[in-house]
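# Examination of the molecular architecture
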Amino acid sequence: MSLYDKTAYELSEMLSKKEISSRELTADVFQRIDAVEDLTNAYVTLTREEAMDRAAEIDQKRAEGEELSPLAGIPIGIKDNICTKNIRTTCSSKMLENFVPPYNATVMERLQKDGIVIPGKLNMDEFAMGSSTETSYFKTTKNPHDLTRVPGGSSGGSASAVAAGECIAALGSDTGGSIRQPASLCGIFGLKPTYGSVSRFGLVAFASSLDQIGPIGRSTKDLAMLYGAICGHDHYDATTAYREYPDFLKEINTAVAKDMVIGLPKEYFNGIDPQVEEKVREAIKTLEGCGVRFKEISLPSTEYALSAYYIIASAEASSNLARFDGVKYGYRTENYTGLTDMYEKTRSEGFGDEVKRRIMLGTFVLSSGYYDAYYKRAKLFQKQVVAEFNQAFEGCDLILTPTSPVTAFKIGENIGDPLKMYMSDVCTVTVNIAGLPAISIPCGKDDKGLPIGLQLIGPKFSEQALFNMSELYEMESGFSYEMPLK
Ligand code: GLN
């Protein structure tokens, strides 16, 4: 019996009933990695020995009757911009190629306490800038549903690994869509949590006001389990909210979901691939069949969201990435003639083209004379987006849109055209600008067999409602994940 293709929820039951051990499960996942990793390129670093030791430790605890968390013993892959103590954390950049953090990100502390097994660190776009994983310094990850195509990005390694069975679930990070878009392109589930519900301590910052860490998995329940384990206040991150969170998994309730009203913003259905639209509309029909009501709404700011996102995200990135200067840690150029030359060469050699593009754009929009024209206006626009969403949520419980306007594109197809690449995020960036939670759910395939995803957006801290609706759709549509590369 193979185990790598089961969900975290199923495996958690099997582990707690002692039908399987974590060692068997972890060995099975590594066997799968050995079989397909050369095809997918999902991992930057594999930590086989540590993972097997950890699995044995968890099995021992279980044998001794210790009470364990539902995630104990389950292999969860980690995006390579989340600091893992004593495990190299590269952000898929030459700049951090040999960086081994002396500490854990808060989410890692929490997951370690819960006894997860870490099979390794997952590839991504360099510093999470991109939508295809092609900007990684190391390699391009491939979509397991079609190896000539991208898995999406920037959490493409996370999505590809989960989709190919190279880990059971994974953590990604989402600044403008980097969890949802790759989840959609790989046919799996991904949650971008409410801003301030998950600690960013130890997440290498891209755009601090937009970044959130979140789960990627093969079922709604897996996301609920993983999100429940990482959310909550953290005194190391002052932007995390003080509040109580429910036991999301236990509280999943599809009956409440049936009574909900969902808004369909007409702007999000403009200019998307007709096959994507068709599948999203079919999903709407399925939910309507259960009693969910739909109404058309309008979010007119959508048109300007991408422009505002690229101004805000780049501005913050240019400031956050100033720390990589060859002095403190990370790459330093070999030959230089003084401090300024060292800075220049280190940064020219250490960063890739996309990262440089963002730093230049960010520095430009923050410079005197342009600040008011660009950055300040983008920040004002942000207020407008928040107000529009607030108003929309007065008339509906959730909002439904496609996650990505297109299915997985060919490797190399968009990488030479940044503006085309940026279009990948047209349905996802508003959520980050407004700090809202959103989930991407698989809802079918196009005629090439490429996965399509829909996005549900909720008010702040409405993750439970998102899980309820996602579970309802998962049940009603009879979803069962079909593992590729069998
Ligand atoms: N693709 C978007 C970008 O390049 C989003 C990235 C992200 O969410 N990390 O900025």
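Residues numbered from 1 in each chain as written. Predicted model: local features only at pLDDT ≥ 70, side-chain atom pairs only at ≥ 80, totals over all residues. Heavy atoms only, no water.

Moving on to the packing of helix H1 (residues 8-16) against helix H7 (residues 220-230). One can describe the packing of H1 onto H7 by two numbers: an axis separation of 7 Å at closest approach and a directional angle of 70 degrees. The angle between H1 and H7 places the two elements in the roughly perpendicular class. Contact residues: H1 offers Ala-8, Tyr-9 and Ser-12, while H7 offers Lys-221, Asp-222 and Met-225. A per-class count over the contact of H1 with H7 returns 3 nonpolar, 1 polar and 2 charged. (Axes fitted to C-alpha atoms, helices over the stretch in contact; angles between N-to-C directions. Helix = DSSP H or I, 4+ residues; strand = E, 2+ residues; numbered from the N terminus. Parallel < 35°, antiparallel > 145°, perpendicular 65-115°, else oblique. Contact = heavy atoms within 4.5 Å. Nonpolar A, V, L, I, M, F, W, Y, C, P; charged D, E, K, R; others polar.)

So, on to the layout of surface pockets. Within this model, the largest pocket holds a volume of roughly 450 Å³. Lining of the largest pocket is provided by 25 residues; of these, Gly-271, Ile-272, Pro-405, Val-406 and Met-423 occupy positions nearest its centre. Residue composition of the lining of the largest pocket, by class: 9 nonpolar, 7 polar and 9 charged. (1 Å grid on protein atoms, 1.4 Å probe; cavity = no way out; pocket = protein on both sides within 12 Å on 5 of 7 lines; lining within 4 Å. Points joined across faces, edges and corners; volume = space filled by probe spheres on them.)

If you walk through the whole model with that rule in mind, you get 22 aromatic pairs. An angle of 55 degrees between the planes, with centres 6.3 Å apart, marks the rings of Tyr-245 and Phe-461 as tilted. On the criterion of sequence distance, the pair formed by Tyr-245 in the loop between H7 and helix H8 (254-258) and Phe-461 in the loop between strand S11 (451-457) and helix H16 (463-476) is long-range, its members being 216 residues apart. Members of the aromatic cluster, joined through ring pairs, are Phe-99, Phe-127, Phe-324, Tyr-329 and Phe-351. A cation sits over an aromatic face here: Lys-221 above Tyr-9, 4.7 Å from the ring centre. Positioned above the aromatic ring of Tyr-245 is the side chain of Arg-243, whose terminal nitrogen or guanidinium carbon lies 5.9 Å from the ring centre. (Phe/Tyr/Trp six-rings, centres within 6.5 Å; stacked < 30°, edge-to-face > 60°. Lys NZ or Arg CZ within 6 Å of the ring centre and 35° of its normal.)

Before going further, it helps to spend a moment on the side chain of Thr-403. Its location among the elements puts Thr-403 in the loop between strand S9 (398-402) and helix H14 (418-422). Taking relative accessible area as the criterion, Thr-403 reaches 0% and is therefore assigned buried. Ignoring any residue separated from it by four or fewer positions in sequence, one finds Thr-403 in contact with Arg-180, Gln-181, Ser-184, Cys-427, Thr-428, Ser-440, Gly-453, Leu-454 and Gln-455. (Buried < 20%, exposed > 50% of the residue type's maximum accessible area, 1.4 Å probe, protein only.)

Before going further, it helps to spend a moment on the site of the ligand. Looking at the ligand, there are 15 residues lining it, with Thr-175, Gly-176, Ser-178, Tyr-309 and Arg-358 nearest. In the model, a nitrogen atom of the ligand is placed 3.4 Å from a nitrogen or oxygen of the Ser-154 side chain. Side-chain polar atom of Ser-178 to an oxygen atom of the ligand: 2.6 Å apart, as the coordinates give it. Alone, the ligand offers 290 Å² of accessible surface; in the complex the protein occludes 100% of this. For the ligand, the cavity whose grid points lie within 2 Å of the majority of its atoms is the largest cavity. (Near = heavy atom within 4 Å. Polar contact = N/O pair within 3.5 Å; in protein donor to acceptor, adjacent residues only side chain to side chain. Areas by Shrake-Rupley, 256 points an atom, 1.4 Å probe, with all protein chains shown as cover. Sits in = over half its atoms within 2 Å of the grid points.)

With that settled, the discussion passes to a nonpolar patch on the surface. Residues Leu-361, Phe-364, Tyr-370 and Tyr-374 make up a contiguous nonpolar surface patch of roughly 340 Å² in combined accessible area. Mapped onto the secondary structure, Phe-364 falls in helix H12 (residues 353-366). Under the relative-accessibility criterion, Phe-364 is labelled partly exposed at 34%. (Patch = residues over 30% accessible without salt bridge, like charges linked within 9 Å, V, L, I, M, F, W, Y side chains within 5 Å. Salt bridge = Lys/Arg side-chain N within 4 Å of Asp/Glu carboxyl O.)

What follows concerns the pairing of strand S8 (residues 293-297). Pairing of strand S7 (residues 261-265) with S8, which is carried by 5 bridges, proceeds in the parallel orientation. Paired with Leu-264 across the two strands is Glu-296, which belongs to S8. (Pairing = 2+ DSSP bridges.)

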